[in-house]
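# Structure at a glance
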Amino acid sequence: MYEEWSSTLPYVVVWRGATPPGAGQKRILPDGCLDIIWRDGTVFIAGPDTTAQVEAASPGSRYAALRFGAGTGPAVLGVPAYELVDRRVPLDAVWPAAAVRAIAEAEDPVAALTAAVSRRWQGADRVMVALAGDAQAGLSVGSVAVRCGLSSRQLQRRCNTAFGYGPKTLQRILRLQRALTLARSGRSFATVAIDAGYADQAHLAREVRAMAGVPLSALLP
């Protein structure tokens, strides 16, 4: 079981799920976001990934989480995203233990997470929101820097803080997500490659395997 919906906070998605009996390993693909996750009474940060994370699934485990898009998570956590890349970190490593314990023990983890994040909400950085949109559209890094009114070095630094990596990596990740959406709609891989912005189908295949660890066909339902 999995469901998600928009939070009352901008650029934040709420999701929850449960691991069914007989579930095997779960492959979590990079998506340009970080999450705060409640799992069976423990609370941790899933940092921004650069490649797929393969995790063992415990049948019956329950999850409730907030997923932060557009680089909004680090300001809430008080930690730059580059310190969390490809890591799973206990939330009490960055927040007071009492605050985390209240979330861990809450009857409604989603409500507890949302309330705790709302108290720490810093708002969205409009430049990073624009960067995410431009990266999603496949614009070049130079074009993005010009549109944001930043030098390439400034853009790199701010992107590292907000997303955990530079704009080129962010573009690759969002392009992968775009390709997955297109492929899951039933389009041919050749069409997916063109529409998602890859040079050709071979380029798509190389990028998917490099970032997901498996061929594109293995990621489809």
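Residues numbered from 1 in each chain as written. Predicted model: local features only at pLDDT ≥ 70, side-chain atom pairs only at ≥ 80, totals over all residues. Heavy atoms only, no water.

## Concerning the packing of helix α7 (residues 167-184) against helix α8 (residues 189-196)
Where α7 meets α8, the axes come as close as 9 Å, and the angle between the chain directions of the two elements is 140°. Here α7 is positioned oblique relative to α8, judged by the angle of their axes. Considering only the axes of α7 and α8, their crossing is right-handed. On α8, the residues that touch R175, R178, A179, L182 and A183 of α7 are F189, V192, D195 and A196. When the residues that make up the contact of α7 with α8 are grouped by side-chain class, the tally is six nonpolar, no polar and three charged. (Axes fitted to C-alpha atoms, helices over the stretch in contact; angles between N-to-C directions. Helix = DSSP H or I, 4+ residues; strand = E, 2+ residues; numbered from the N terminus. Parallel < 35°, antiparallel > 145°, perpendicular 65-115°, else oblique. Left-handed = near helix turned anticlockwise from the far one by under 90°. Contact = heavy atoms within 4.5 Å. Nonpolar A, V, L, I, M, F, W, Y, C, P; charged D, E, K, R; others polar.)

## A short note on the packing of aromatic side chains
A ring pair, where both rings are aromatic, is described by two values, the distance of the centres and the angle of the planes. Taken as a whole and judged by the stated rule, the model has two aromatic pairs. Where Y2 meets W15, the ring centres are 5.7 Å apart and the plane angle is 35°; that geometry is what we call tilted. One end of the pair, Y2, is in strand β1 (residues 2-6); the other, W15, is in strand β2 (residues 12-18), with 13 residues separating them in the sequence. W15 sits in the buried class, given a relative accessible area of 8%. Of the aromatic side chains, those joined through ring pairs into one cluster are Y2, W15 and Y63. The residue whose ring lies beneath K26 is Y63, and the NZ or CZ to ring-centre distance is 4.7 Å. Stacked on the ring of W95, the Lys or Arg R120 has its end atom at 4.0 Å from the ring centre. (Phe/Tyr/Trp six-rings, centres within 6.5 Å; stacked < 30°, edge-to-face > 60°. Buried < 20%, exposed > 50% of the residue type's maximum accessible area, 1.4 Å probe, protein only. Lys NZ or Arg CZ within 6 Å of the ring centre and 35° of its normal.)

By themselves, these figures tell us nothing about what the structure is for.
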